[in-house]
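A structural walkthrough
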Amino acid sequence: MRYKDKYQLVAEWQALQARTSVPIRQAVAALVDVHAVDFADRFYSVMLEDPHASLFLSNDQVKQRLNPSMQRWLKAMFTVEHADFEALVEQQEKVGQVHARIDIPINLVLNGARQLKQAFYEQINTAFKSHLSPGNASVYVSDHIDMAMEIMSHAYSVASDRNARTEEAYKLFSLTQSIGDERERQRSALLNWENELMFAVAAQQDIATLPRLSNSDFGLWYFHKACHAFEGAPEIVTISRHIQRVDREWLDALQHEDISQRLKALGEIRDAARTVLMLLDDVLERASGLDAGRDSLTRLLNRKFLSVVLSREIEIARHSEHSFALLMVDIDHFKSINDTHGHDAGDNVLQQVASILDRSTRGGDYVFRMGGEEFLIVLVNTDHDGCRLFAERLRQSVAKEPMLAAADTLLNVTISVGVTLHDGHPDYNNSLQRADKALYQAKRSGRNRVVVQ
Ligand SMILES: Nc1nc2c(ncn2[C@@H]2O[C@H](COP(=O)(O)OP(=O)(O)OP(=O)(O)O)[C@@H](O)[C@H]2O)c(=O)[nH]1
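Residues numbered from 1 in each chain as written. Predicted model: local features only at pLDDT ≥ 70, side-chain atom pairs only at ≥ 80, totals over all residues. Heavy atoms only, no water.

1. What to know about the packing of aromatic side chains
So the rule is basically this: Aromatic rings from Phe, Tyr and Trp, taking only the six-membered ring of Trp, are treated as a pair when their centres fall within 6.5 Å; an angle between ring planes under 30 degrees marks them as stacked, one over 60 as edge-to-face, and anything in between as tilted. Secondary structure elements are defined from DSSP: runs of H or I of at least 4 residues count as helices, runs of E of at least 2 residues count as strands, and each element is numbered from the N terminus. Exposure classes here rest on a 1.4 Å probe applied to the protein chains alone. A residue is buried below 20% of its type maximum, exposed above 50%, and partly exposed in between.
Summed over all chains, the structure comprises eight aromatic pairs. Taking 6.2 Å as the distance between ring centres and 15° as the angle between the ring planes, the aromatic pair formed by F218 and Y222 counts as stacked. One end of the pair is F218 and the other is Y222, both in helix α8 (residues 217–229) and four residues apart, which spans about a single turn. With a centroid separation of 5.1 Å and an interplanar angle of 80°, the aromatic rings of Y222 and F223 are classed as edge-to-face. Taking the relative accessible area as the measure of exposure, Y222 reaches 0% and is therefore buried. Three or more aromatic residues joined by ring pairs make a cluster, and in this case those are F39, F78, F120 and Y140.

2. Quick notes on the pattern of salt bridges
Stated formally: Put simply, a salt bridge is a Lys or Arg side-chain nitrogen that is within 4 Å of an Asp or Glu carboxyl oxygen.
Within this structure, the stated rule accounts for 21 salt bridges. Residues R369 and D295 are paired through a salt bridge, measuring 3.2 Å at the closest nitrogen-oxygen approach. With R369 in strand β2 (residues 366–371) and D295 in the loop between α10 (259–291) and α11 (306–318), the pair connects residues that are 74 residues apart, well separated along the chain. Of the two residues, R369 and D295, both sit in the buried class. Ionic pairing is found between D365 and R362, a salt bridge with its closest N-O pair at 3.2 Å. In this structure R362 comes out as partly exposed when scored by relative accessible area, which is 44%.

3. Topic: the site of the ligand
Under the convention used in this document: Being near a molecule or strand, for a residue, means having at least one of its heavy atoms within 4 Å of it. Within 3.5 Å is the distance limit for a polar contact, defined as a pair of N or O atoms, with the added protein rule that one can donate a hydrogen and the other accept it, and that residues adjacent in sequence qualify only through two side-chain atoms. Method for areas: the Shrake-Rupley scheme with a 1.4 Å probe, in which residue coverage is limited to the protein chains shown. Under this grouping Gly is polar, as are all residues other than the nonpolar Ala, Val, Leu, Ile, Met, Phe, Trp, Tyr, Cys and Pro and the charged Asp, Glu, Lys and Arg.
In the vicinity of the ligand there are 16 residues, among which F334, K335, D347, R369 and K443 approach most closely. I331 is positioned such that a nitrogen or oxygen atom in its backbone is 3.0 Å from an oxygen atom of the ligand. The side chain of R369 places a nitrogen or oxygen atom 2.7 Å from an oxygen atom of the ligand. In the complex, 67% of the free accessible area of the ligand, which totals 670 Å², lies under the protein chains. Elements that contribute at least two residues to the shell around the ligand include exactly β1 (323–331), α12 (334–341) and α13 (343–360). Here the residues of the shell around the ligand sort into three nonpolar, five polar and eight charged.

4. Here's the deal with the pairing of strand β6 (residues 415–421)
Going by this rule: Paired strands, as defined in this entry, are two strands with at least two bridges between them according to DSSP. Convention used here: a crossover is right-handed provided that the path from the first strand, over the helix, to the second strand proceeds clockwise when the strands point away from the viewer.
The element β6 is extensively covered by neighbouring structure, given that six of its seven residues are classed as buried. Judged from the seven bridges that link them, β1 and β6 form a sheet pairing that is antiparallel. Bridge pairing in β6 places L326 opposite T420. Bridge count between β6 and strand β7 (residues 450–452): three bridges; the pairing is parallel. Residue pairing in the sheet places G418 in a bridge with V451 of β7. Taken together, β6, helix α15 (residues 428–444) and β7 constitute a β-α-β crossover, and its handedness is left-handed.

5. Examining the side chain of Q92
As a reminder of what qualifies: By definition, residues are in contact when any of their heavy atoms lie within 4.5 Å.
Relative to the assigned elements, Q92 resides in helix α5 (residues 85–101). At a separation of 2.8 Å, a polar atom in the side chain of Q92 contacts the side chain of W73. Each residue touching Q92, except ones within four places of it in the same chain, is listed here: W13, W73, M77, A148, I151 and M152.

6. As for the environment of A391
The topology assignment puts A391 in helix α14 (residues 384–400). Residue class for A391 comes out buried when judged on its relative accessible area of 0%. Dropping the residues within four chain positions of it, A391 is found in contact with L327, V417, V419 and V450.

7. Considering the pairing of strand β3 (residues 374–382)
Along a regular strand, successive side chains alternate from one face of the sheet to the other. The buried fraction of β3 is high, at seven of nine residues. Sheet topology places β1 next to β3; seven bridges connect them, and they run antiparallel. Opposite D330, over in β3, you have E374 as the bridge partner. In this structure, β2 lies alongside β3, joined through five bridges in antiparallel fashion. Within the sheet, the bridge partner assigned to F368 lies in β3 and is L376. Between the antiparallel neighbours β2 and β3 lie two residues, among them G372 with a positive phi of about 50°.

8. Some details on the packing of α13 against α14
How two helices pack is summed up by the angle between their axes together with the distance between the axes. Definition in use: Note on geometry: axes are C-alpha line fits, over the in-contact stretch for helices, and angles between N-to-C directions span 0 to 180 degrees. When the near helix sits turned anticlockwise from the far one by under a right angle, the crossing is termed left-handed; a clockwise turn instead gives a right-handed crossing.
With their axes 10 Å apart at the nearest point, α13 and α14 run at an angle of 140° to one another. Handedness of the crossing formed by α13 with α14: right-handed. For the pair α13 and α14, the contacting residues are I356, L357 and S360 in the first and F390, L394, S397 and V398 in the second. Looking at side-chain class alone, the contact of α13 with α14 contains five nonpolar, two polar and no charged residues.

9. Thoughts on helix α9 (residues 234–253)
Put simply, the rule is: Each residue after the first adds 1.5 Å to the expected span of a helix. Throughout, the bend at a residue refers to the angle made by two axes, fitted to the seven residues ending there and to the seven starting there.
A rise of 1.5 Å per residue sets the reference length of α9, with its 20 residues, at 28 Å; its end C-alpha atoms lie 28 Å apart and thus fit the reference within 8%. Roughly 40° is the biggest bend found in α9, and it falls at V246. Where α9 is concerned, the buried positions are E235, I236, I239, S240, I243, V246, D247, W250, L251 and A253.

Here is the structure:
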């Protein structure tokens, strides 16, 4: 839902003010003049109780900057006649944006506002003369603070949504950018170390002063960052073992009396460096695929951005006369391909099926590898007949193209497809489940077929 525009807010605020008599507004303004410091203190004492907020709202800062600006805010809020309501609205928006920028939780601000109201009520009850209704004055104060909080909260949520989106986009950008750069940087760092070592050996430096691989720029990057970032990758254990052997065994062997032993050590070091580079390339290659949201075997999208894509398509469909369809595609009897011809043959088949899916779709469609031998196609701008026809054609394309599983092995492969047209439900899981069900039926009713649900 769209939030109110500025003119609506101004009109609402004007109406609020008009409801209260001038003498009450004057009395509240006088109260603010006397107690503004206490009121501001009360507001910020709540903030300071929160460990996160108190990190950046140290007492000194509160006194020096925030407390006076809170007093100014109170005075602006409770002047008897507002000359410029638009400026008042804009001021609240700015405060909300600042809170979002410095990450003050909105609930904390609302809690502070409640404490502030409490402080007002106490003063109104003790200070107001009988001819001025304390009840009306309290309502006036409360309505004004609520109005300001409403505008601030809206500005806060708009700004923090934008921050989150920018952060996400930046994360993606930096990940995909940095992996390529990192590969080059670390490759040259390792080669530098090797050159330095060769120079030290040629200059017959003492063994203790030879540069250790684990302490080199490359080694530091590897142990501090790569090991952590790629934890669990099988290559990491092997690379670590190679680095340790270089430092603990081969560097010492460079001082062996026997020249043939020294030459052997040099050769081993060179081989270890080459192996490390090769393994690292594999890890980085895989990571760059994953980080960019792509599956490394088929280069199709992985599930990472599935929710983003489906939410977006639901939003587009809401404003369009067309809809989108989900096609859940699964290779038939894939396990027996692996079992009979080996895992590599299975991988080759996966790649070829993926390529057919990719070739068969248009630029606006999406093809995901959901895992194993299951794929999902998001077919955009389509209708009931269109998606059924597409799925049937796809099934035939796969069935008629023999797959090269190994150099001398051609296989006939079939797929089952579950199809569903998005029906306007706001939760994409609903459509995914329907597509899954349709696929299940296609499998149960004999495979190599399309079922639409
Ligand atoms: N080669 C290879 N096999 C994979 C990969 N991911 C999953 N698999 C294998 O895919 C097989 C899927 O087997 P099932 O789920 O029984 O399905 P199926 O044999 O195709 O049988 P239906 O789907 O009922 O026709 C399992 O053996 C998995 O180990 C992969 O990346 N490469």
